[in-house]
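What the coordinates show
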Protein chains: 2
Amino acid sequence: MPINPDAVGVTGDPVRHSWTSRDVLLYALGVGAGAADPLQELELTTENSMDTDLVVLPTMAVVLGVGGTGAFGAIGTFNPAMLVHGEQAITLHGPIPTKGEVETVGTITGIYDKVKGAVVEVTSTSTDTQTGQALFTNVMSAFIRGEGGFGGERGPSGPRNVAPDRAPDHTVTYETRTDQALLYRLSGDRNPLHSDPAFAAFGGFDRPILHGLCTYGFTGRGLLHLLCGSDPARFTSMEGRFSSPVLPGEALTVNAWETGDGEAVFQTLGGDGRVVLDAGRVTFAAA
Amino acid sequence: MPINPDAVGVTGDPVRHSWTSRDVLLYALGVGAGAADPLQELELTTENSMDTDLVVLPTMAVVLGVGGTGAFGAIGTFNPAMLVHGEQAITLHGPIPTKGEVETVGTITGIYDKVKGAVVEVTSTSTDTQTGQALFTNVMSAFIRGEGGFGGERGPSGPRNVAPDRAPDHTVTYETRTDQALLYRLSGDRNPLHSDPAFAAFGGFDRPILHGLCTYGFTGRGLLHLLCGSDPARFTSMEGRFSSPVLPGEALTVNAWETGDGEAVFQTLGGDGRVVLDAGRVTFAAA
């Protein structure tokens with residue numbers, strides 16, 4: 001059945017999700033905080049250390065905004081095995097509290113015909129149920145292979161957030177662990193593609209692959225340290241496109257180029273130097 | 001104020017604790033499951049793999065039986081910084097379900113005067129609130145330095161569960177990670193002695209030490225594989241005495257000697273070969 005381009009504008013039911021410091025700490029460990037040196041990054045990995053207070057990684061917005069893609073069903077039936085995560089953007093309206101509850105509402109904001117497949121974009125906003133304030137916005141873009149050719153608009157194209165032709169202004173390399181996905185999945189995405197070798201084989205992979213959003217979290221953690229003095233209150237937005245699967249155990253190198261006041265473009269490279277998260281852009285506030 | 005030996009027999013209020021597969025998986029990762037090879041031990045680290053079903057590590061009884069030591073207050077006031085975990089025994093009355101709820105009731109079953117300190121033993125039983133069946137029993141023994149000399153009984157003494165004078169029948173070595181305690185603590189014990197270098201320094205340690213019960217969990221996992229064919233239903237009991245602090249990052253070697261039908265004694269050694277969990281005994285059922 002072809003994709004229904006009239007699904008643009010459809011909004012899903014609101015979904016509530018609550019969290020505690022345990023979830024915050026688990027997410028931080030899942031994206032590598034404390035792994036290189038457990039005496040560093042204590043503000044991300046502990047809630048009761050004497051010299052620091054717990055803060056929440058901005059990229060945790062992607063797991064706390066769970067349920068934002070509920071409108072997805074309106075696009076029609078398709079083979080979920082053909083869906084890949086294309087792009088992810090987050091906007092932070094303030095620092096995420098170390099415990100709380102959000103209500104998330106998502107709307108289909110774009111359906112594009114790329115001929116070889118369809119792109120579906122969902123924009124969701126999560127509101128703090130205590131204060132009524134919007135906490136963060138997620139824009140998730142999915143590419144569904146084989147579902148193009150339905151006669152829809154092609155949508156935005158062309159290069160974006162291109163890295164300047166010079167050495168990066170900032171760079172950091174993090175090791176991921178071979179069992180990284182086993183930990184990251186406890187933050188919510190239990191897709192066995194990331195844990196079960198038998199299931200991964202059905203998907204055509206030699207072994208389970210890392211969650212794209214885990215790479216995204218490692219990257220956001222790197223950008224937080226490189227550009228925001230490790231202060232989540234200064235981290236205002238981040239976007240990027242998933243360009244290659246990552247295997248757990250690969251090193252990830254985050255390269256960033258400052259392109260203006262409070263903005264930078266970035267790329268994340270896998271262990272062999274290929275780009276795994278591309279066309280990245282991050283914005284941040286002054287200290 | 002001296003220890004009150006008449007507190008023997010005092011029972012604490014019942015405490016309920018529930019868990020889901022997320023807690024089961026988090027505990028297993030906290031005691032090293034999947035770390036050496038994420039494609040092994042899937043029965044401990046995943047709930048949706050095609051070739052295996054999730055099972056619960058028997059030593060998870062020590063965290064699910066939380067609240068069993070509520071009677072402890074009856075012994076009188078003492079400096080909690082002087083308390084160290086002495087011994088831990090668990091008895092499994094059947095395999096622990098992958099989700100559920102237990103009600104735990106603990107009783108002070110022994111107070112002993114060791115002159116240099118007091119030993120307080122609490123025995124707690126945890127009952128499945130759905131079935132009404134006892135699931136497991138914990139016996140926790142604490143040593144409180146400086147609280148001896150109150151004129152109580154000395155209690156049991158002399159060597160127990162002595163390793164035979166021959167090479168072990170079974171042995172396995174596991175690496176722990178330098179950030180192992182940051183993960184293990186999410187199973188419940190957030191004592192900053194295991195995470196905060198500033199707090200650990202107050203306790204006289206150069207850096208945070210591993211939870212004794214994390215060493216206990218690594219050991220129980222090793223015994224499960226070595227002696228029970230990795231089947232928790234065959235694992236019926238385990239006891240041991242904490243004899244030396246472990247630093248995260250040390251390797252742990254579990255040595256076991258079969259001493260009869262369905263029983264073995266064991267020792268766990270730290271990275272330098274010293275004994276860190278001593279006088280161990282484990283019982284198990286035939287396949």
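In the block above lies the structure referred to throughout.
Residues numbered from 1 in each chain as written. Chains lettered and ligands numbered in written order. Predicted model: local features only at pLDDT ≥ 70, side-chain atom pairs only at ≥ 80, totals over all residues. Heavy atoms only, no water.

Turning our eyes to something else, we now look at the interface of chain A and chain B. On the chain B side, the residues contacting the 34 residues of chain A number 34 residues. Summed over both sides, the interface of chain A with chain B buries roughly 3200 Å², with 56% coming from carbon and sulfur. Our count for the contact surface shared by chain A and chain B stands at eight salt bridges. Between D179 of chain B and R177 of chain A there is a salt bridge, with the nearest N and O atoms lying 3.0 Å from each other. If you look at where chain A meets chain B, you find 18 residue pairs in polar contact (both at pLDDT 80 or more). Among the secondary structure elements, those contributing two or more residues to the side of chain A that touches chain B are helix 1 (21–30), helix 2 (42–45), helix 4 (180–184) and helix 5 (197–202) of chain A. With six residues, helix 1 of chain A is the single largest residue contributor to the side of chain A that touches chain B. (Contact = heavy atoms within 4.5 Å. Buried area = accessible area lost by both parts, 1.4 Å probe. Salt bridge = Lys/Arg side-chain N within 4 Å of Asp/Glu carboxyl O. Polar contact = N/O pair within 3.5 Å; in protein donor to acceptor, adjacent residues only side chain to side chain. Helix = DSSP H or I, 4+ residues; strand = E, 2+ residues; numbered from the N terminus.)

Our focus in this paragraph is the pattern of salt bridges. This structure, assessed with the given rule, holds 28 salt bridges over all chains. The salt bridge partner of R185 of chain B is E47 of chain A, with a shortest N-O separation of 2.9 Å. You can see R185 of chain B sitting in the loop between helix 4 (180–184) and helix 5 (197–202) and its partner E47 of chain A sitting in the loop between helix 2 and helix 3 (61–64), one on each of two chains. With a shortest N-O distance of 2.9 Å, E103 of chain B and R16 of chain B are connected by a salt bridge. Here R16 of chain B lies in strand 1 (residues 15–19) and E103 of chain B lies in strand 3 (residues 100–113), a separation of 87 residues in the sequence. The class for E103 of chain B is partly exposed, based on a relative accessible area of 28%. A cluster of three or more residues bridged by salt bridges with shared partners is formed by R16, E101 and E103 of chain A. (Buried < 20%, exposed > 50% of the residue type's maximum accessible area, 1.4 Å probe, protein only.)

The subject of this paragraph is the nonpolar core. L223 and F235 of chain A together with L223 and F235 of chain B are the most contacted members of the largest nonpolar core, which has 105 residues in total. Contact partners of F235 of chain A, with chain neighbours within four places excluded, come to P58, I90, L92, G220, L223, L224, C228, V282 and T283 of chain A. (Core = buried A, V, L, I, M, F, W, Y, C linked by side-chain atoms within 4.5 Å.)

A few words on the packing of aromatic side chains. Under the counting rule described, the total for this entry stands at eight aromatic pairs over all chains. Across from the ring centre of Y174 of chain A, 4.1 Å away, lies the NZ or CZ of R221 of chain A, which sits over that ring. (Phe/Tyr/Trp six-rings, centres within 6.5 Å; stacked < 30°, edge-to-face > 60°. Lys NZ or Arg CZ within 6 Å of the ring centre and 35° of its normal.)

Superposition record for chain A on chain B: RMSD 0.0 Å, screw rotation 180 degrees, translation along axis 0.0 Å. What the rotation and shift describe, once combined, is the action of a two-fold rotation axis. Most of the interface of chain A is mirrored in chain B: 100% of its interface residues are interface residues there too. (Least-squares fit on C-alpha atoms with pLDDT ≥ 70 in both.)

Moving on, we get to helix 6 (residues 212–227) of chain A. Residues and elements named next belong to chain A. Taking 1.5 Å per residue, 16 residues should reach 22 Å; helix 6 reaches 22 Å between its end C-alpha atoms and fits that length. Of all 16 residues in helix 6, 13 are buried, a share of seventy percent or more. G229 lies just past helix 6 and shows a positive phi near 55 degrees. (Expected span 1.5 Å × (residues − 1).)

Turning our eyes to something else, we now look at the sheet that holds strand 8 (residues 251–260) of chain B. Residues and elements named next belong to chain B. Pairing is antiparallel across the open sheet formed by 10 strands, whose spatial order is 1-3-4-5-2-7-10-9-8-6. Either end of the sheet is taken by a strand with one partner, and the two such strands are strand 1 and strand 6 (170–175). Within this sheet the neighbouring strands show an average axis-to-axis angle of 20 degrees, counted without direction. Relative to strand 9 (residues 263–269), strand 8 is paired through seven bridges, and the arrangement is antiparallel. Directly across from A256, in strand 9, lies its bridge partner F266. Along the sheet, helix 6 (residues 212–227) makes contact with strand 2 (83–92), strand 6, strand 7 (235–242), strand 8, strand 9 and strand 10 (275–284), crossing strand 7 at roughly 140 degrees. (Pairing = 2+ DSSP bridges. Axes fitted to C-alpha atoms, helices over the stretch in contact; angles between N-to-C directions.)

All names here are of chain A. Sheet architecture is open: 10 strands sit in the order 1-3-4-5-2-7-10-9-8-6, paired in antiparallel fashion. In this open sheet, the two edge strands, each paired with only one partner strand, are strand 1 (15–19) and strand 6 (170–175). Neighbouring strand axes in the sheet, compared pairwise and without regard to direction, differ in orientation by 20 degrees on average. Here six bridges tie strand 9 (residues 263–269) to strand 10 (residues 275–284), and the two strands are oriented antiparallel to one another. From the neighbouring strand, L269 faces strand 10, where its bridge partner is V275.

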